[in-house]
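For reference, the chains in residue letters:
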2 protein chains.
Amino acid sequence: MSIQIRKFDSTHPDFKQQLADVLAFEASEDEAIDRAVLRILEDVKKRGDVAVLEYTKQFDHVSADSLQALEIKSDDLQAALAQLSPVRRAALQTAADRVRVYHERQKAEIGSHGFSYTETDGTILGQKVTPLDRVGIYVPGGKAAYPSSVLMNAIPAKVAGVQEVIMVVPTPNGVQNELVLAAAAMSGVDRVFTIGGAQAVAALAYGTATIPQVDKIVGPGNAYVAAAKRRVFGTVGIDMIAGPSEILVICDGTTDPDWIAMDLFSQAEHDELAQSILICPDAAYLEAVAASINRQLDAMPRKEVIATSLTNRGAMIKVRDMDEACEIANLIAAEHLEISTENPQQWADKIRHAGAMFLGRFSSESLGDYCAGPNHVLPTSRTARFSSPLGVYDFQKRSSMLQVSEGGAHTLGQVAAELAYGEGLQAHARSAEYRFKK
Amino acid sequence: MSIQIRKFDSTHPDFKQQLADVLAFEASEDEAIDRAVLRILEDVKKRGDVAVLEYTKQFDHVSADSLQALEIKSDDLQAALAQLSPVRRAALQTAADRVRVYHERQKAEIGSHGFSYTETDGTILGQKVTPLDRVGIYVPGGKAAYPSSVLMNAIPAKVAGVQEVIMVVPTPNGVQNELVLAAAAMSGVDRVFTIGGAQAVAALAYGTATIPQVDKIVGPGNAYVAAAKRRVFGTVGIDMIAGPSEILVICDGTTDPDWIAMDLFSQAEHDELAQSILICPDAAYLEAVAASINRQLDAMPRKEVIATSLTNRGAMIKVRDMDEACEIANLIAAEHLEISTENPQQWADKIRHAGAMFLGRFSSESLGDYCAGPNHVLPTSRTARFSSPLGVYDFQKRSSMLQVSEGGAHTLGQVAAELAYGEGLQAHARSAEYRFKK
């Protein structure tokens, strides 16, 4: 099997447009899916448990007399954990522990205790930080069921202090994923229901007799789940709707080409729409990686997916120098950015936009996917320009605190009244004036 | 003019349902508006400046030869500031200064420098925090044009370190709001264009020849603007789509009833859909406030709006005690919560969900609207359960940083490979293994 990856040169007059074209990705919004989802949401809102049971029978071919019967009890989660091989259990435990340590560090660094300060007249201003009460985690069934995803979504919520984490995971034809259940047990998930699709999103968003309403829903899902999350946003919080996964590798030409080829594969194997891009100032090195790709491809079990992804969405970009590589990386704002160079920090300092940066040749992206500690839920499709990795901050919210003294009410009241009259809001002005004129 | 506000008693068997009914608010999503907006967005995306000019002529009755002609230059912004009366200018400056001080304090408290820690094998993990590059602020034209809103949106962005803040504000029939322009000058807005509606949102989201693409759009707008923001979300970030404004007052019955009545008015005067609710354990006090409302209403210039809002959406709730008042406040999760009591901190400690809390009888909500310092852009419609006031954090984003040492690649690589094989992702496993097996 031999493939041809797109090659660009930054000195080409059309380079900017070529780059824009290869990055372009339109999330397909299917009207039929959206309408079907809307119907399911409204039905579950109205009929609750009964509707969820009907859709579960229809879509997952799982029948039950009650939604209670679809809850997996704590003992069964623990049993799934106990059944893991010792090696796999140890690996999962290491990953969970490291993810927890990283997010505890994050919690300590982001001002989780809030703040307040007192002004000379005794007025106190500040902000209070509280965790969300209850969070829902969607975990896909079938081929995309990743235990690492359970850890990455559940642990930050528990570290933030969320009292109740409710996981939903469909079990098409009744087939359970034991690794996923083990991960749920390990990461402190409180309750698990074997439901999925738009009906599970609806149950979490509106609540039913059996499933309590949550405050936020996180986790990946198919087009129906994504459409349902978009629709319930506002009733509950949601995380970002993720696009295809991406890796951008900036290399100075000193890393073993086989390593870089495999890093590009590791993104491409996710799915046909995944995007792998390599930037380097050394044309010969780009050729060496291209050769390595064709040499290594046949040994990959998921070679068809990799070949499609690299051919349709991959690219290699020859740049003038590493500074230009960093400029282009800021334009691309990749989900994963590997800086596979000597002295990587100097280049990382120039990067403003990336979901996660992997510095130096030993930092393969896959370490971040599983166990290094930082979250693997990252902004895709250039949204790293304005959004962040999933974190403890996604499971906290802030309330402003104002305690105005009698003196403060006098000085601030005059200012507020002046501006309120300027905006034509007399009750605002009078409300302020009562505190110092009466 | 005499009105009747709904009265509830928490001991009534149907109280929970009564409360749910009064809180229920369905944001109307108008299909016709959404379709019109979609057409405008696609047109501006394709035809850029020309399309924006055409829509501006059509909707605002403003003709110009070029979009450049619709930019208000810095000198004109400064002139608007210079023309303010000294009293109004001083009030606006006090407000701007206090908002800046509060948000600088916030920036210092939320870990804006990021963090990193080094493990025993030399692996470095952490997070980098960067401001957004460029932000768009939407400011409505006409009656809802509030200079305070310019301060509250622009100042946190500048404090966060956003390099370029671009404001759009429609000028229907060419009428400019000088207070809004003065507020833009004062809060450090970099560029101002007199365009509005879905066409302005599109120009900011996609960029045109004249207007650079931004990374996030914030600020309030009408139904077309809200629909446009929803549609461009993902291409750029957006703030929350705000619902009607709300105030919840918890009172122990010791505050002058006239003050509380005016506080309820100050929310109700915003618009007919605004919601004002008073909770108190003292039935006689509720009657006193109801009497004050009817006594004071006729003097209010906006009495029609206030009467409609209080009649249709207002409520007074008699509770058993202050603890129950706090429980109900957590259910309501109000945008603004006044705790008008003796020793308010004891009750504030029990509140988990509120956009902003105003403690003590001197903390009228209007002080927070204009000049106390905390942001007046707050979560509405119970979204305080999962979201926060607009803040510096909305104009920053985080990137995970991983620099794995050779030793770390060995220990972490084994864990990652084990889990990757478990998930059937062989390229992930091989990519990790290359770093310690070769």
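The rules behind each value
- Residues numbered from 1 in each chain as written.
- Chains lettered and ligands numbered in written order.
- Predicted model: local features only at pLDDT ≥ 70, side-chain atom pairs only at ≥ 80, totals over all residues.
- Heavy atoms only, no water.
- Least-squares fit on C-alpha atoms with pLDDT ≥ 70 in both.
- Domains from an automatic or database assignment.
- Contact = heavy atoms within 4.5 Å.
- Buried area = accessible area lost by both parts, 1.4 Å probe.
- Salt bridge = Lys/Arg side-chain N within 4 Å of Asp/Glu carboxyl O.
- Polar contact = N/O pair within 3.5 Å; in protein donor to acceptor, adjacent residues only side chain to side chain.
- Nonpolar A, V, L, I, M, F, W, Y, C, P; charged D, E, K, R; others polar.
- Helix = DSSP H or I, 4+ residues; strand = E, 2+ residues; numbered from the N terminus.
- Buried < 20%, exposed > 50% of the residue type's maximum accessible area, 1.4 Å probe, protein only.
- Phe/Tyr/Trp six-rings, centres within 6.5 Å; stacked < 30°, edge-to-face > 60°.

Enquirer: Can you tell me about the relation of the copies chain A and chain B, naming the residues and giving the values?
Expert: Once chain A is rotated about the relating axis by 180 degrees and shifted along it by 0.0 Å, it coincides with chain B to within an RMSD of 0.0 Å. The transformation just described matches what one would write down for a two-fold rotation axis. For chain A, the minimum C-alpha distance to the rotation axis belongs to Ile110(A) and amounts to 2.2 Å.

Enquirer: Lay out the domain arrangement of chain A in plain terms, naming residues and giving numbers.
Expert: Residues and elements named next belong to chain A. Split by domain assignment, chain A resolves into domain 1 (7-27 + 243-372), domain 2 (31-113 + 132-238) and domain 3 (404-437). Here the C-alpha centre of domain 2 lies 32 Å away from the C-alpha centre of domain 1. In this assembly, six residues from domain 1 lie in contact with five residues from domain 2. Taken over both partners, the interface formed by domain 1 and domain 2 buries close to 460 Å², and the fraction arising from carbon and sulfur atoms is 51%. When the buried surface of domain 1 facing domain 2 is broken down by residue, Tyr370, Cys371 and Ala372 rank first, second and third, together holding 70% of it. The tally of links from domain 1 across to domain 2 stands at zero salt bridges. Across the domain 1-domain 2 interface, the total number found is two residue pairs in polar contact (both at pLDDT 80 or more). Broken down by class, the residue content of the side of domain 1 that touches domain 2 amounts to three nonpolar, two polar and one charged.

Enquirer: Can you lay out the environment of Ala80(A) for me, pointing to particular residues and giving the numbers?
Expert: Residues and elements named next belong to chain A. Checked against the element boundaries, Ala80 lands in helix H4 (residues 74-82). For Ala80, a relative accessible area of 1% gives the class buried. Separated by 104 residues in sequence, Ala80 and Ala184 place their C-alpha atoms 9.5 Å apart. When near neighbours in sequence (up to four residues on either side) are disregarded, Ala80 contacts Glu178, Leu181 and Ala182.

Enquirer: Quick rundown of the packing of aromatic side chains? Include the residues and the values.
Expert: All told, the structure shown has 10 aromatic pairs over all chains when counted by the stated rule. Ring centres of Phe8(B) and Phe15(B) lie 6.4 Å apart, and the angle between their planes is 65 degrees; this geometry places the pair in the edge-to-face category. In this structure Phe8(B) comes out as buried when scored by relative accessible area, which is 11%. The structure contains a cluster of three or more aromatic residues connected by ring pairs, namely Tyr102(A), Phe115(B) and Tyr117(B).

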